[in-house]
Amino acid sequence: MTSILVVEDEPTLAEAIAARLRAEGFATHLAGDGPAAVRTAQEHLPDLIVLDVMLPGFDGLEVCRRIQAERAVPVLMVTARDDESDLIEGLRTGADDYLTKPFSMRELIARVHALLRRVERAAELGAGGGVEGAGGGKLIPIGTGFGPGTAAAVRTPRPLRFMAIGTSAGARMLEIDPAQRRVRVGAGRSQDEAHLTPTEFDLLACLAGQPRTVLTREKLLAEVWDWLDASGTRTVDSHVKAVRRKIGADWIRTVHGVGYALEAEPVLGDTSLEAAGR
């Protein structure tokens, strides 16, 4: 049975969330403070964590850091604060999604199911070595360990290399390595690694699959988060802002009212990108 750890210091709310999750067929564990959350996660190895930010002992951000340092697990962060900097900090520590209080139980359950579908899809892709794309090529699962794998139809998981538009050869390069799930940015050989969270990597990989093409927020929600509705567009915006902070703001172009595009050109002679364009 899929197990979920609910970390919430308000007993009434914690019990209500747990009861609704049990009604959906999940096993649940409860923790009411930071230290208890870490201990419970170590003991029960939950499949997903619903994590409140404001906790006694130490806060949910620290809980997320400690748990993710030991074992990758999808985290749905719950916060009473609607400040964007707080949300981005939560995503930076390894959370995959967030809900702002007050929220409906229906929305929480929808978010939980979406995260778990991503886990299942990633496992299927990993076991099968990819799935057939529309053009007959393999879709390599370059999404996170929690994501469905998005975007680039490549025949081998070689690094994808891009050059910023308007720069000369060897300047302002972006490299996305789907096999190692690493991102490097810089000029020539002096590239620095950008440390992206799993979902941030998925988002960038999705945009890189169709460079200079505007992808709507709804499409990004479907591809990266596996959501089938448009209720989480702020989630997309917050993740884009977090990615920009790490790789540079000008790599991702905003088309107001529509979505986002990777503003870069594939490096000529990159065989993996040539395969992606076939």
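Let us look at the structure shown here. (Residues numbered from 1 in each chain as written. Predicted model: local features only at pLDDT ≥ 70, side-chain atom pairs only at ≥ 80, totals over all residues. Heavy atoms only, no water.)

1. Notes on the overall build of the chain
Reasoning step 1: For the chain, the count of helices and strands is nine helices and 15 strands.
Reasoning step 2: When the accessible surface of the chain is totalled, it reaches about 12300 Å², and 51% of it is carbon and sulfur. (Helix = DSSP H or I, 4+ residues; strand = E, 2+ residues; numbered from the N terminus. Areas by Shrake-Rupley, 256 points an atom, 1.4 Å probe, with all protein chains shown as cover.)

2. Points about the sheet that holds strand β14 (residues 259–262)
One key point about sheets: their strands pair by backbone hydrogen bonds, in either a parallel or an antiparallel sense.
Reasoning step 1: Sheet architecture is open: three strands sit in the order β12-β14-β13, paired in antiparallel fashion. Strand pairing shows two members of the sheet lacking a second neighbour, β12 (215–216) and β13 (252–255), which therefore form its edges.
Reasoning step 2: Across four bridges, the pairing between β13 and β14 is antiparallel. When the sheet's bridge partners are listed, Arg-253 is paired in β14 with Ala-261.
Reasoning step 3: Contacting β12, β13 and β14, helix α6 (residues 198–208) runs over the sheet at an angle of about 75 degrees to β14. (Pairing = 2+ DSSP bridges. Contact = heavy atoms within 4.5 Å. Axes fitted to C-alpha atoms, helices over the stretch in contact; angles between N-to-C directions.)

3. Remarks on helix α3 (residues 60–70)
Residues three or four positions apart in an α-helix share a direction because the helix packs 3.6 residues into each turn.
Reasoning step 1: Taken together, the buried positions of α3 are occupied by Gly-60, Leu-61, Val-63, Cys-64 and Ile-67. Buried residues along α3 cover an arc of 155 degrees about the axis, so they all sit on one side. Exposed residues lying more than 90 degrees from the buried face of α3 are Ala-69 and Glu-70.
Reasoning step 2: You can read the cap of α3 off the contacts: a side-chain oxygen lies 3.2 Å from the backbone nitrogen of Leu-61, and it is on Asp-59. (Buried < 20%, exposed > 50% of the residue type's maximum accessible area, 1.4 Å probe, protein only. Arc of directions from axis to C-beta. Polar contact = N/O pair within 3.5 Å; in protein donor to acceptor, adjacent residues only side chain to side chain.)

4. Topic: unusual backbone geometry
Reasoning step 1: Here the amide bond leading from Lys-101 into Pro-102 is cis, since omega sits at -5 degrees, within 30 degrees of zero.
Reasoning step 2: Positionally, Pro-102 belongs in the loop between β5 (97–100) and α5 (105–128).
Reasoning step 3: Located in the positive-phi region is Leu-45, a residue other than glycine, with phi close to 45 degrees.
Reasoning step 4: Relative to the elements of secondary structure, Leu-45 occurs in the loop between α2 (34–44) and β3 (48–52).
Reasoning step 5: Assessed through its relative accessible area of 47%, Leu-45 is described here as partly exposed.
Reasoning step 6: With a phi close to 65 degrees, Arg-212 is a non-glycine residue in the positive phi region.
Reasoning step 7: Assignment of secondary structure puts Arg-212 in the loop between α6 and β12.
Reasoning step 8: Classification of Arg-212 as partly exposed rests on a relative accessible area of 43%.

5. Focus: the side chain of Glu-263
Reasoning step 1: Its place among the elements puts Glu-263 in the loop between β14 and β15 (264–266).
Reasoning step 2: Those residues within four positions of Glu-263 in sequence are excluded, and the remaining contacts are Ala-164, Ile-165, Arg-212, Asp-250, Trp-251 and Arg-253.

6. What about the nonpolar core?
Reasoning step 1: Ranked by internal contacts, the top residues of the largest apolar core, which has 32 residues, are Val-183, Ile-247, Trp-251 and Leu-262.
Reasoning step 2: Here this core gets seven residues from one element, more than from any other, and that element is α6.
Reasoning step 3: What Ile-247 contacts, discounting residues up to four positions off in sequence, is Val-183, Val-185, Ala-194, Leu-196 and Leu-204.
Reasoning step 4: Formed by 22 residues, the second largest nonpolar core is a distinct cluster that contains Ala-36, Ala-37, Leu-51 and Met-77. (Core = buried A, V, L, I, M, F, W, Y, C linked by side-chain atoms within 4.5 Å.)

7. Here we look at the packing of aromatic side chains
Reasoning step 1: Under the definition given, this model contains zero aromatic pairs.
Reasoning step 2: The ring of Phe-58 is capped by Arg-66, whose NZ or CZ atom sits 4.2 Å from the centre of that ring. (Phe/Tyr/Trp six-rings, centres within 6.5 Å; stacked < 30°, edge-to-face > 60°. Lys NZ or Arg CZ within 6 Å of the ring centre and 35° of its normal.)

8. Here we look at α6
Reasoning step 1: Buried residues dominate α6, accounting for ten of its eleven residues.
Reasoning step 2: Those residues of α6 not exposed but buried are Thr-199, Glu-200, Phe-201, Asp-202, Leu-203, Leu-204, Ala-205, Cys-206, Leu-207 and Ala-208.

9. Points about the packing of α2 against α3
Reasoning step 1: α3 packs onto α2 with a crossing angle of 20 degrees between their chain directions and a minimal axis gap of 9 Å. When the axis of α2 is compared with that of α3, the two are roughly parallel. Classified by chirality, the crossing of α3 by α2 is right-handed. Contact residues: Gly-34, Ala-37, Val-38, Ala-41 and Gln-42 in α2; Val-63, Arg-66, Ile-67 and Glu-70 in α3.
Reasoning step 2: Classifying every residue of the contact of α2 with α3 gives five nonpolar, two polar and two charged. (Parallel < 35°, antiparallel > 145°, perpendicular 65-115°, else oblique. Left-handed = near helix turned anticlockwise from the far one by under 90°. Nonpolar A, V, L, I, M, F, W, Y, C, P; charged D, E, K, R; others polar.)

10. A closer look at the side chain of Glu-200
Reasoning step 1: Tracing the backbone shows Glu-200 in helix α6.
Reasoning step 2: Overall, the relative accessible area of 0% leaves Glu-200 in the buried class.
Reasoning step 3: When sequence neighbours within four positions are dropped, the list of residues in contact with Glu-200 reads Leu-91, Arg-92, His-195, His-239, Ala-242, Val-243 and Lys-246.

11. With respect to the pattern of salt bridges
Reasoning step 1: Applying the stated rule across the entire model yields 17 salt bridges.
Reasoning step 2: Two residues, Glu-62 and Arg-66, come together in a salt bridge whose shortest N-O distance is 2.9 Å. With Glu-62 and Arg-66 both in helix α3, this residue pair falls four residues apart, about one helical turn.
Reasoning step 3: A salt bridge links Glu-175 to Arg-184; its shortest N-O distance comes to 2.9 Å.
Reasoning step 4: Glu-175 gets classed as buried once you look at its relative accessible area, which sits at 11%.
Reasoning step 5: Through salt bridges with shared partners, a single ionic network connects Glu-8, Glu-10, Asp-52 and Lys-101. (Salt bridge = Lys/Arg side-chain N within 4 Å of Asp/Glu carboxyl O.)

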